[in-house]
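Letter by letter, the chains look like this.
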Amino acid sequence: MNGGGEYVVYYAPEAAQAAVARRRSILIQRLISAAVSVGIGAAVWYFFADQVGTFGPWLVGSALAVGLVWVIVAGTGLMLARADAKRVLTGPAFATTRDGVWVAGLWLLWPEVGAFRAAPGRLGRSPLLRVEARDGRTATVPMNYLSALPANIDSAVRALSGGRSWIDLSRLDD
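Because the structure is a prediction, the values reported are computed rather than measured.

### Things to note about the overall build of the protein
Scanning the protein for helices and strands turns up four helices and eight strands. Written out in order from the N terminus, the α and β elements of the protein read β-α-α-α-β-β-β-β-β-β-α-β. Its C-alpha atoms give the protein a radius of gyration of 24 Å, clearly above 16 Å, the size a compact globule of 174 residues would have. Along the longest, intermediate and shortest principal axes, the C-alpha atoms of the protein span 80 × 25 × 25 Å.

### Digging into the side chain of T140
Here T140 is to be found in strand β7 (residues 138–142). Within the structure, T140 has its side chain in polar contact with the side chain of R87 (distance 2.6 Å). If sequence neighbours within four positions are ignored, T140 has contacts with R87, A104, L129 and R130.

### Some words on helix α4 (residues 150–160)
Where α4 is concerned, the buried positions are I153, D154, A156, V157 and L160. The buried residues of α4 occupy one face: seen down the axis, they fall within an arc of 165°. Buried positions along α4 lie against β1 (7–10), β2 (92–96), β5 (113–119), β6 (128–133) and β8 (167–168). Phi for G162, located one or two positions after α4, is positive at around 70°.

### Topic: the pattern of salt bridges
Inspection of every chain in the model, using the stated rule, returns six salt bridges. A salt bridge links R98 to E6; the shortest N-O distance between them is 4.0 Å. In this pair, R98 sits in the loop between β2 and β3 (100–103) while E6 sits in the segment before β1, placing the two residues 92 residues apart along the sequence. Under the relative-accessibility criterion, E6 is labelled partly exposed at 46%. Sharing partners across several salt bridges, the network here consists of R117, R130 and E132.

### A word on the nonpolar core
With 35 residues, the main nonpolar core has F94, V101, F116, V131 and I153 as its most contacted residues. Apart from the residues within four sequence positions on either side, F116 is in contact with F94, V101, V103, W110, L129, R130, V131, V157, S165, W166, I167 and D168.

About the cut-offs
Residues numbered from 1 in each chain as written. Predicted model: local features only at pLDDT ≥ 70, side-chain atom pairs only at ≥ 80, totals over all residues. Heavy atoms only, no water. Helix = DSSP H or I, 4+ residues; strand = E, 2+ residues; numbered from the N terminus. Rg over C-alpha atoms; globule rule 2.2 N^0.38 Å. Polar contact = N/O pair within 3.5 Å; in protein donor to acceptor, adjacent residues only side chain to side chain. Contact = heavy atoms within 4.5 Å. Buried < 20%, exposed > 50% of the residue type's maximum accessible area, 1.4 Å probe, protein only. Arc of directions from axis to C-beta. Salt bridge = Lys/Arg side-chain N within 4 Å of Asp/Glu carboxyl O. Core = buried A, V, L, I, M, F, W, Y, C linked by side-chain atoms within 4.5 Å.

Given below as structure tokens:
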């Protein structure tokens, strides 16, 4: 990094692993819930066959279908959390000095910085901090897995760039 680090933000891999563990727990809960729902539907169909009649297979099938949808949603969430966790390395993710900014291996002097943007996460993914150079180069880091809050990073960018750059956080409201 050129110019020496005056403000450094590190990756927080423990936060990424906690997100993966939370998504894994949700998937297990959804699997158990689906099995219980199907079991209750089957028990109702078995013990109350006369009252349920031909609706029995629909009862069990609908419990299974709803359960499978939630298992797929939870499984997708787990896959996305694992993908986010792979982007989280050890060491610094972001640094800024009076000379420029370093984001995920991309060093830019302040006149080269085109924009800082916060992109919202979709489908439960982490929002991204994105720096865009005037020549088209970009670098991103997941904001949920950094050791500093977006507002703190924005304050450092504003201060150390002399007011030339700031992070557009407005997209996080979407």
